[in-house]
Amino acid sequence: MTRTQMTRPDVVERPRTPHRRTPEGPRAAGRRRETLAGYLFLTPWCVGVLLLTLGPMLVSLYLAFTDYNLFDTPRWIGLRNFRDMFADDRWWHSVRVTLEYVLVGTPLKLAAALGVALLLVRPRRGQGFYRSAFYAPSLIGASVSIGIVWRSVFQDDAVVDRAMRFVGWDAGGWVGDPDWSLPTLVTLTVWQFGAPMVIFLAGLKQVPRELYEAAEVDGAGVWRRFRSITLPMISPVLFFNLLLELIHSFQVFTSAVVLGGSGGGAGGPADSLLVYTWYLYEQGFRNLRMGYASAMAWMLMLGIGLLTAVLFRTQRGWVHYEEGTDAR
Amino acid sequence: MTPAVTARRRTMRTVAWHAGALALLAVILYPVVWLVGASFKPGDEIVGSLELLPGRPISDNYRRLTRGIADIPVSTFFTNSLVLALGSVVGVLVSCSAAAYAFARIRFAGRNLLFAVMISTLLLPFQVLIIPQYVLFQKLDLINTYVPLLLGKYLAADAFFVFLMVQFMRNLPRELDEAARIDGCGHPRIFWSIVLPLCRPALITSAIFTFIWSWNDFIGPLLYLNEPDKYTVSLGLKMFIDQDSVADYGGMVAMSLVALLPVLLFFLAFQRHLVEGAATSGLKG
């Protein structure tokens, strides 16, 4: 605003505006008018944040310390929910299942994304087509339909099982086998590598070609160029993808429910697909333990927050932000 | 190295590249092609059959769909999903573009703080909100209506789209606003007649993503809808799984494919918008 004021005082001093007569002078009036306009445009968002985000967060924090079944008044029980949680074997199990899913699935997905992005980065005929085609699974991967496909293809004696047996790998029932249901779910997330791939591609295009040419002149091989040029140059993009994918995969729900669901339940064989969000849903909406479920939600948020903080801490060690290479 | 050798080498590399890309494409597309093929196979052959496409395609599965699920016509689920998806698109376009305009083009007290709040809601796990929001809508007697599923869209709760539009609006030349202001336009006019038309690409991207996300949404309808005639396609499909009978396998697979069609069509029509939207919004984070 100030810059506009100095160069074009006429902009804020429209003769018809009533604010002109206010004692603070036209400058303050103009600023006030801007603020008013800003909040007018932001009204829906502000109402939304208060009503659907910040308010609910406070309520959820309160409920985490209560015993609440949706119908009676919440009863304050202090830290009981959290003590119960730590003593709850199924809670620990759901934490293990989710962590395994996140810690195995995310690196595999990002490795696939980066690998294919490196394949696609050189301009070649059909590049745009492949990019779109590989991206498509990200749009449909979390749908119930694709869950049903996975569930069918990975059944005992179905296509994948028989193909695997053909190459001498008899894993058993896949979705129906407690040991292999989670890996099946992981393949479904890896299949959706397209979204991070597209982001990697945009990042790779920003790496100056001269760097590679200079390195080649110096006799650096493919691996060396990747380690010393590509990786450092795209480390901000890698960091961003890692953060996004980690947070995203902690929230896995639909795929796990469809893969592991039968007869109205979920969790898969021997609870091997009991992901955190399903367990939270089960406690909150099936058993009506809303207080306990709120406590679970806050534990999840603390966990994700902690992980994010650790990631940001390590950033200095491996993420290189250089002037001029900023994506903007 | 002679030029001939270099040229041959280059051709070899191109061939290898295409072979690799095509092999990958086959793996990526396999599940979708499988689904298409399976939907034309008899129900009891779907899981066991190794052939990708049926030897003798049948349309029984699709005919089975016309009988509906649990006495509800399948078209009901599709109508419900469509109403929700279109309602969401309108809401997101209106509320998110207004919020984005404020963040990108108006200087007001508290803007940076509110912007930071908006960005942090991007990273907030939704699990923290589902219980208190459910309690709220339950107290307001809005369970089993579409209000809980739509309200957030009209209140710009999808920060991702606000962010996408802010990025876009920031890159529009400022001189446009200033010229318009000299001509006596206020913010509503500038927003409506100048900024919005120029934001078309961002609006289209947001609209398609909103449609697809709403169409695929599962946990929202699962939480709030409890009468089958209000169910969306996702919940209709879930009913198939819960019945768990082989007799309906064909119907389930056929409906899975029909449920994917709108998303696939959108993708084919707007792939450039989608891929580029995904790439830039990510990078600029």
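Chain B goes by Multiple sugar transport system permease protein in an unreviewed UniProt entry, where it is assigned to Actinacidiphila glaucinigra. Its UniProt record, at the heading Sequence similarities (unreviewed entry), says of chain B: "Belongs to the binding-protein-dependent transport system permease family." Regarding chain B, the UniProt comment filed under Subcellular location (unreviewed entry) reads as follows: "Cell membrane".

Identification of chain A as Carbohydrate ABC transporter membrane protein 1, CUT1 family from Actinacidiphila glaucinigra is taken from an unreviewed UniProt entry. Under Sequence similarities (unreviewed entry), UniProt gives the following word-for-word description of chain A: "Belongs to the binding-protein-dependent transport system permease family."

Novice: Sorry, what's going on with the overall build of chain A here?
Specialist: When helices and strands are tallied, chain A shows 15 helices and 2 strands. Among the 328 residues that make up chain A, the fraction classed as buried is 39%. Partitioning the intrachain contacts of chain A with sequence separation of at least 6 by distance along the chain shows that 68% fall at a separation of at least 24.

Novice: What am I meant to see in the domain arrangement of chain B here?
Specialist: Many analyses report the size of an interface as the accessible area lost when the parts associate. All names here are of chain B. When its domains are assigned, chain B resolves into domain 1 (3–63) and domain 2 (70–283). Using only C-alpha atoms to locate each centre, domain 1 and domain 2 end up separated by 33 Å. If you look at the interface, domain 1 gives 11 residues, while domain 2 gives 9 residues. At the level of elements, helix H1 (3–38) and helix H2 (60–65) are the ones that each hand at least two residues to the side of domain 1 that touches domain 2. Partitioning the side of domain 1 that touches domain 2 into residue classes produces 6 nonpolar, 3 polar and 2 charged.

Novice: Any chance you could explain the UniProt feature "transmembrane region" (unreviewed entry) in chain B here in plain terms?
Specialist: All names here are of chain B. Per the UniProt record, the feature "transmembrane region" (unreviewed entry) sits at residues 15–36, 82–104, 113–134, 146–169, 190–215 and 249–270. In residues 82–104, the share of helix is 100% and the share of strand is 0%. The end C-alpha atoms are 32 Å apart. As annotated, residues 190–215 comprises 96% helix and 0% strand, and the C-alpha atoms at either end are separated by 33 Å.

Novice: Would you take a moment to explain the interface of chain B and chain A for this structure?
Specialist: At the junction of the two partners, chain B supplies 75 residues and chain A supplies 83 residues. It is helix H13 (residues 249–283) of chain B that contributes the most residues to the side of chain B that touches chain A, 13 residues altogether. Its residues placed into classes, the side of chain B that touches chain A shows 50 nonpolar, 18 polar and 7 charged.

Novice: Could you clarify how one ought to interpret the nonpolar core in this entry?
Specialist: The tendency in soluble globular proteins is for nonpolar side chains to be buried as a group. Membership of the largest hydrophobic core comes to 157 residues, with the highest contact counts inside it found for Val198 and Val275 of chain A together with Ala99, Ala100, Val162 and Met165 of chain B. In terms of residue count, the dominant contributor to this core is H13 of chain B (14 residues).

Novice: I would appreciate a short explanation of the environment of Thr121 of chain B in the present structure.
Specialist: One can find Thr121 of chain B in helix H4 (residues 111–122). Accessibility expressed as a C-beta count within 10 Å gives 22 for Thr121 of chain B, which makes it buried. Here the alpha-carbon distance between Thr121 of chain B and Arg107 of chain B, two residues 14 residues apart in the chain, equals 21 Å. Those residues within four positions of Thr121 of chain B in sequence are excluded, and the remaining contacts are Val49 and Thr53 of chain A together with Ala159 of chain B.

Novice: Can you help me understand the environment of Trp213 of chain B in this one?
Specialist: Its place among the elements puts Trp213 of chain B in helix H10 (residues 200–216). For Trp213 of chain B, a count of 18 C-beta atoms within 10 Å puts it in the partly exposed group.

Novice: Could you clarify how one ought to interpret the UniProt feature "transmembrane region" (unreviewed entry) in chain A in this entry?
Specialist: Residue and element names in this part refer to chain A. Look at the UniProt record and you will see "transmembrane region" (unreviewed entry) annotated at residues 36–65, 101–121, 133–154, 180–204, 233–253 and 290–312. Across residues 133–154, the secondary structure splits into 82% helix and 0% strand, with the terminal C-alpha atoms separated by 23 Å. Along residues 233–253, the helical share is 81% and the strand share 0%, with 34 Å between the first and last C-alpha atoms.

Novice: Explain the confidence of the model for chain A to me, please; I cannot follow it from the model alone.
Specialist: As a general rule, the predicted coordinates of low-pLDDT regions are not to be interpreted in detail. All names here are of chain A. Per-residue pLDDT for chain A has a mean of 86; in total, 89% of the residues score no lower than 70. Looking at the elements of chain A, mean pLDDT is at its lowest for helix H1 (residues 2–7), recorded as 36, and at its highest for helix H4 (residues 80–86), recorded as 97. For residues 1–22, every residue scores under 50 in pLDDT, and the model assigns this stretch 20 contacts once sequence neighbours within four places are set aside. Confidence over residues 324–328 falls short of pLDDT 50; this stretch has 6 contacts with residues more than four positions distant or in other chains.

Novice: Help me understand unusual backbone geometry in this model?
Specialist: Note: most peptide bonds trans; most residues except glycine with negative phi. Positive phi outside glycine occurs at Leu288 of chain A, with the angle close to 50°. Note that Leu288 of chain A resides in the loop between helix H14 (276–286) and helix H15 (290–318). Positioned with a positive phi, Asn144 of chain B is a non-glycine residue whose angle comes to about 65°. The exposure class assigned to Asn144 of chain B is partly exposed, which follows from the 13 C-beta atoms found within 10 Å.

What counts and what doesn't
- Residues numbered from 1 in each chain as written.
- Chains lettered and ligands numbered in written order.
- Predicted model: local features only at pLDDT ≥ 70, side-chain atom pairs only at ≥ 80, totals over all residues.
- UniProt positions renumbered as here; feature names shortened; annotations may be inferred.
- Helix = DSSP H or I, 4+ residues; strand = E, 2+ residues; numbered from the N terminus.
- Buried ≥ 20, exposed ≤ 12 C-beta atoms within 10 Å, placed from the backbone.
- Contact = placed C-beta atoms within 7 Å.
- Domains from an automatic or database assignment.
- Nonpolar A, V, L, I, M, F, W, Y, C, P; charged D, E, K, R; others polar.
- Core = buried A, V, L, I, M, F, W, Y, C linked by C-beta atoms within 7 Å.
- pLDDT = per-residue confidence, 0-100.

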